[in-house]
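If you want the building blocks of each chain, they are given just below.
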Amino acid sequence: MNDHDKQTRIDIIDYGMGNLQSVRNALERLGCEVRVSDQADDLQQADALILPGVGAFGEAMTNLRRLGLVEALRRTVLEERKPLLGICLGMQLLADVSEERGQHEGLSLIPGQVKAIPARADLRLPHMGWNGIAIRQNAPLFAGIPEGGAFYFVHSYHFQCEAAHVAAVTDYGTDITAAVQRDHIFGVQFHPERSQRKGQRLLKNFVEFVGSRIAHG
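Residues numbered from 1 in each chain as written. Predicted model: local features only at pLDDT ≥ 70, side-chain atom pairs only at ≥ 80, totals over all residues. Heavy atoms only, no water.

Enquirer: Break down the sheet that holds strand E8 (residues 127-135) for me, with residues and values.
Expert: Read from one edge of the open sheet, nine strands run E2-E1-E3-E4-E13-E12-E11-E8-E9, paired in mixed fashion. The open sheet has two edge strands with one neighbour each: strand E2 (33-37) and strand E9 (150-155). The sheet shows a mean angle of 25° between the axes of neighbouring strands, taken without regard to direction. Across four bridges, the pairing between strand E12 (residues 175-182) and strand E13 (residues 185-188) is antiparallel. Across the sheet, residue Val 180 finds its bridge partner in E13, namely Gly 187. Here helix H3 (residues 69-79) sits on the sheet in contact with strand E1 (9-13), strand E3 (48-51), strand E4 (84-87) and E13, set at roughly 135° to E3. (Pairing = 2+ DSSP bridges. Helix = DSSP H or I, 4+ residues; strand = E, 2+ residues; numbered from the N terminus. Axes fitted to C-alpha atoms, helices over the stretch in contact; angles between N-to-C directions. Contact = heavy atoms within 4.5 Å.)

In structure tokens, the structure reads:
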């Protein structure tokens with residue numbers, strides 16, 4: 001097998017927060033070699049990383065630090081420039097800081113902060129269910145995905161950042177950041193692994209982005 005025929009190797013980071021199996025299944029359907037790992041040394045062997053997550057920001061960062069993954073993640077993504085996709089809480093962890101249950105430092109991979117979704121009498125929190133998105137820039141993740149396509153959300157906090165890093169928004173009383181991108185670093189607030197065909201297409205787009213970077217060195 002030559003280099004061109006190799007499977008794309010993606011590591012799903014396991015830090016004890018979230019359902020990893022559904023993400024793994026979705027990637028394996030795309031023909032990826034997938035490893036779920038909580039070992040910092042494994043990250044540099046992967047072609048790309050996925051940081052999923054469900055739960056509280058502070059607990060997530062505590063777990064990542066305990067496993068020695070914070071600096072390993074930053075080194076792998078910023079210095080080795082390996083693509084990263086954060087999902088749900090994993091997207092929020094890309095920020096500088098979160099106000100969820102106190103003040104917590106994040107990974108600082110995309111400048112921004114995580115704040116509570118503004119409460120309104122006519123809107124339930126957490127924001128849960130299918131919502132259409134408005135694509136804000138020509139982001140690789142959304143190739144072939146129609147404007148207004150619906151994805152599955154479950155969250156009470158949202159990522160606020162500069163417009164330059166906002167790839168898509170959803171309307172939930174106000175514009176909520178649905179996806180972010182900074183070069184090879186991506187995040188989605190929704191769950192692509194629970195979003196049927198459009199979610200699978202988004203993951204396919206991420207895998208193809210990774211493959212194109214490998215092909216071009």
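Right, picking up where we left off after that structure.
Enquirer: Give a description of H3 that names residues and reports values.
Expert: Residues Leu 69, Val 70, Ala 72, Leu 73, Thr 76 and Val 77 constitute the buried set of H3. Down the axis of H3, the buried set is contained in an arc of 170°. They therefore lie on one face. Facing away from the buried side of H3, by more than 90 degrees, are the exposed residues Glu 71 and Glu 79. In this fold, the buried residues of H3 make contact with E1, E3, helix H2 (57-66), E4 and E13. (Buried < 20%, exposed > 50% of the residue type's maximum accessible area, 1.4 Å probe, protein only. Arc of directions from axis to C-beta.)

Enquirer: Outline the pairing of E3, listing residues and values.
Expert: Side chains Ala 48 and Ile 50 project from E3 onto one buried face, and the interleaved Leu 49 and Leu 51 project onto a second face that is buried too. Across three bridges, E1 lies against E3 in parallel orientation. Residue Ile 10 lies in a different strand from E3, and its bridge partner there is Ala 48. Pairing of E3 with E4 involves three bridges; the strand directions are parallel.

Enquirer: Give me the lowdown on the sheet that holds strand E5 (residues 97-98), citing residues and values where you can.
Expert: The mixed open sheet is built from four strands, whose spatial order is E6-E5-E7-E10. Lying at the two open borders of the sheet, with one neighbouring strand each, are strand E6 (104-105) and strand E10 (157-160). Where strand E7 (residues 113-116) lies against E10, four bridges are found, and the strand directions are antiparallel. When the sheet's bridge partners are listed, Lys 115 is paired in E10 with His 158.

Enquirer: Give a detailed account of the nonpolar core, specifying residues and quantitative values.
Expert: Leu 27, Ile 50, Leu 85, Phe 142, Phe 190 and Phe 206 are the most contacted members of the largest nonpolar core, which has 33 residues in total. Ranked by residues supplied to this core, first place goes to helix H5 (residues 196-215) with six residues. Once residues lying within four places of it in the same chain are set aside, the contact partners of Ile 50 are Ile 10, Asp 11, Ile 12, Ile 13, Val 23, Leu 27, Leu 84, Leu 85, Ile 87 and Phe 206. Counting 30 residues, the second-largest nonpolar core is a separate cluster that includes Ile 13, Leu 69, Ala 95 and Val 180. (Core = buried A, V, L, I, M, F, W, Y, C linked by side-chain atoms within 4.5 Å.)

Enquirer: Give me the lowdown on the state of the cysteines, citing residues and values where you can.
Expert: Applying the stated criterion across every chain yields a total of zero disulfides. Cys 88 takes part in no disulfide bond, and the closest cysteine sulfur to it belongs to Cys 161, at a distance of 16 Å. (Disulfide = S-S within 2.5 Å.)

Enquirer: Got a sec to walk through the environment of Lys 198? Specific residues and values, please.
Expert: In this structure, Lys 198 sits in helix H5. Apart from residues no more than four positions distant in its own chain, Lys 198 is found in contact with Ile 145, Pro 146, Gly 149, Ala 150 and Phe 151.

Enquirer: Tell me what's going on with the pattern of salt bridges, and back it up with residues and numbers.
Expert: One pass over the full model with this rule turns up 10 salt bridges. Close ionic contact of Arg 35 with Asp 11 constitutes a salt bridge, the shortest N to O distance being 3.4 Å. A residue pair is termed long-range when its members are at least 10 positions apart, and Arg 35 in strand E2 and Asp 11 in strand E1 qualify at 24 residues. Taking the relative accessible area as the measure of exposure, Arg 35 reaches 24% and is therefore partly exposed. For Arg 120, the salt bridge is made with Asp 122, and the minimal N-O distance between the two is 2.6 Å. The class of Arg 120 is partly exposed, set by a relative accessible area of 38%. A single network of salt bridges, built from pairs that share partners, joins Arg 9, Asp 11, Arg 35 and Asp 42. (Salt bridge = Lys/Arg side-chain N within 4 Å of Asp/Glu carboxyl O.)

Enquirer: Tell me about the side chain of His 184, and please be specific about residues and values.
Expert: Residue placement: His 184 occurs in the loop between E12 and E13. His 184 gets classed as buried once you look at its relative accessible area, which sits at 2%. Among the polar contacts made by the side chain of His 184, one reaches the side chain of Asp 183 at a distance of 3.2 Å. Apart from the residues lying within four places of it in its own chain, the contact partners of His 184 are Val 77, Arg 81, Lys 82, Pro 83, Leu 84, Phe 209 and Arg 213. (Polar contact = N/O pair within 3.5 Å; in protein donor to acceptor, adjacent residues only side chain to side chain.)

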